[in-house]
Amino acid sequence: MDVVTIGETMAMFSPTATGKMRYASQYSRKFAGAETNVAIGLRRLGYQTGWISKVGSDEFGKALVAFVRGEGVDVSQVQEDNQAPTGLYFKEIRNEQEVYVYYYRAGSAASKMAPSDIKEAYIAQAAYLHVTGITPALSDTCFEAVQQAIAYAKQHQVQVIFDPNIREKLWDSKEQAKERLLQIASQADIVLPGVSEARYLFGESSLAGYAQQFLKNGTKLVILKEGSKGAHFFTNDRSGFVPSYPIERVVDPIGAGDGFAAGVISGLLEALSLEEAVARGNAIGAIVTTVNGDVEGLPDREELTRFIQAEKGDVDR
Ligand code: KDG
């Protein structure tokens, strides 16, 4: 297995028209969750990925597991819980720049995950463990489950990738969010924060200052994302900036960060240079924004190559 991830995937309702949610009467039902977005993104590029989770023993749970399985992600570590429902989320696309999300996930099946749901042998056979800051925000036992997964990863030399993915609505307080996210970051080999997330965690600083905060805790690679501008990478030896790809029309920006993560992780799995790995992350992040839905835009190899060549002016897109 190349990458194992742990988190909640939800039935997602995306309005068919833009504007305030109160006026939306029609939705298309999709599925999304930061961790499966990454697992699906990597799978489309040819990697073996696995997902640890819980869903409700309900129609949405069954449909979403079938969807993730259909994308080729291993779902052997996903359990059904008949005491709690599958989480839901609604999107509100006021316009392409202004998108809001509304969660109906408190007490969901995934929020019941606990350390005993993490199997050591499953983590041990992976090259990378990917975790986000969403799962530890779901409940105390989810935070402990993430910690358990990281502990197994460390015991078996599995590289830990952490995307803070700060969702303020899910945390009880900013203090708790900071404490728990920093605890996870300090155990990660690679961290992928947005610049605003680094500011949330450390206060005002320079980009190099943020990177130092992560590196001094033992992180080997920090990639600070600056949205449509591009991303900065830092190791103890070197740093650089890779500009993003310009997009004519953003349709739905949600999921871009997960596409970025899938691109970077695939680059690392292929031992690309950091510049190339970050460029691939930028490309996939950009492509995802052109499509409605969080996973629908994730490209396969052919689409990715076509996009990059078109950006270089080699071929038509
Ligand atoms: O990164 C995109 C995710 O935020 C989205 O797919 C839904 O997992 C999700 C969440 O918790 O917001």
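To start, this report covers the structure provided alongside it.

What counts and how
Along every chain, residues carry numbers that run from 1 in the direction the sequence is written. Local features in a predicted model are, by the rule used here, given only for residues with pLDDT of at least 70; side-chain atom pairs are given and counted only at 80 or more, and totals for whole chains, interfaces and linings are based on all residues. Here the side-chain values reflect all heavy atoms present in the structure, with hydrogen atoms and water set aside. Cavities and pockets are found on a 1 Å grid laid over the protein atoms alone: a cavity is a set of points where a 1.4 Å probe fits but cannot escape, a pocket is an open set with protein on both sides within 12 Å along at least five of seven lines, and a lining residue has an atom within 4 Å of such a point. Grid points are joined across faces, edges and corners, and a volume is the space filled by probe spheres set on the points. Side-chain classes follow a simple rule in which Ala, Val, Leu, Ile, Met, Phe, Trp, Tyr, Cys and Pro form the nonpolar group, Asp, Glu, Lys and Arg form the charged group, and the remainder, Gly included, forms the polar group. For this purpose, a residue is taken to be near a molecule or strand whenever a single non-hydrogen atom of the residue falls within 4 Å of it. Any pair of N or O atoms that falls within 3.5 Å is considered a polar contact. Within protein, one atom must be able to donate a hydrogen and the other to accept it, and sequence-neighbouring residues count only if both atoms are side-chain atoms. Areas reported here follow the Shrake-Rupley algorithm with a probe of radius 1.4 Å; residue values treat only the protein chains shown as occluding. Throughout, a molecule is located in a cavity or pocket provided that more than half of its atoms lie within 2 Å of its grid points. Put simply, a salt bridge is a Lys or Arg side-chain nitrogen that is within 4 Å of an Asp or Glu carboxyl oxygen. The way it works is that DSSP assigns letters per residue, a run of H or I at least four long becomes a helix, a run of E at least two long becomes a strand, and they are numbered from the N terminus. Burial classes follow relative accessibility: with a 1.4 Å probe on protein chains only, a residue under 20% of its type's maximum area counts as buried, one over 50% as exposed, and anything between as partly exposed.

Section: the layout of surface pockets
And then number 1: Estimated volume of the largest pocket: approximately 1,400 Å³.
And then number 2: Along its surface, the largest pocket is lined by 48 residues, and Pro253, Ile254, Gly255, Ala256 and Gly257 are the ones closest to its centre.
And then number 3: When the residues that make up the lining of the largest pocket are grouped by side-chain class, the tally is 20 nonpolar, 16 polar and 12 charged.
And then number 4: Its boundaries defined by the atoms lining it, the second largest pocket holds a volume of some 210 Å³.

Regarding the site of the ligand
And then number 1: By nearness alone, 14 residues border the ligand, and Tyr103, Arg105, Arg167, Asp258 and Asp294 come closest of all.
And then number 2: Ala34 places a main-chain nitrogen or oxygen 2.8 Å from an oxygen atom of the ligand.
And then number 3: In the model, an oxygen atom of the ligand is placed 2.4 Å from a nitrogen or oxygen of the Tyr103 side chain.
And then number 4: Expressed as a share of its isolated accessible area of 320 Å², the protein-covered part of the ligand is 96%.
And then number 5: Given that more than half its atoms are within 2 Å of the pocket grid, the ligand belongs to the largest pocket.
And then number 6: Taken together, the residues of the shell around the ligand break down into seven nonpolar, three polar and four charged.

Looking at the pattern of salt bridges
And then number 1: For the structure on display, the rule yields 17 salt bridges.
And then number 2: A salt bridge links Lys91 to Asp294; the nearest nitrogen and oxygen atoms lie 2.5 Å apart. Pair noted here: Lys91 is in strand β6 (residues 88-95) and Asp294 is in the loop between α10 (274-288) and α11 (301-311), with a separation of 203 residues, a long-range link. The residues Lys91 and Asp294 share a single accessibility class, namely buried.
And then number 3: A salt bridge links Glu302 to Arg306, with the shortest nitrogen-to-oxygen separation between them at 3.6 Å. With a gap of four residues between them, Glu302 and Arg306 both fall in helix α11, about one helical turn apart.
And then number 4: Overlapping salt bridges, with partners in common, bring together Lys91, Asp252 and Asp294 in one network.

Everything listed here is a matter of geometry and, on its own, says nothing about what the molecule does.
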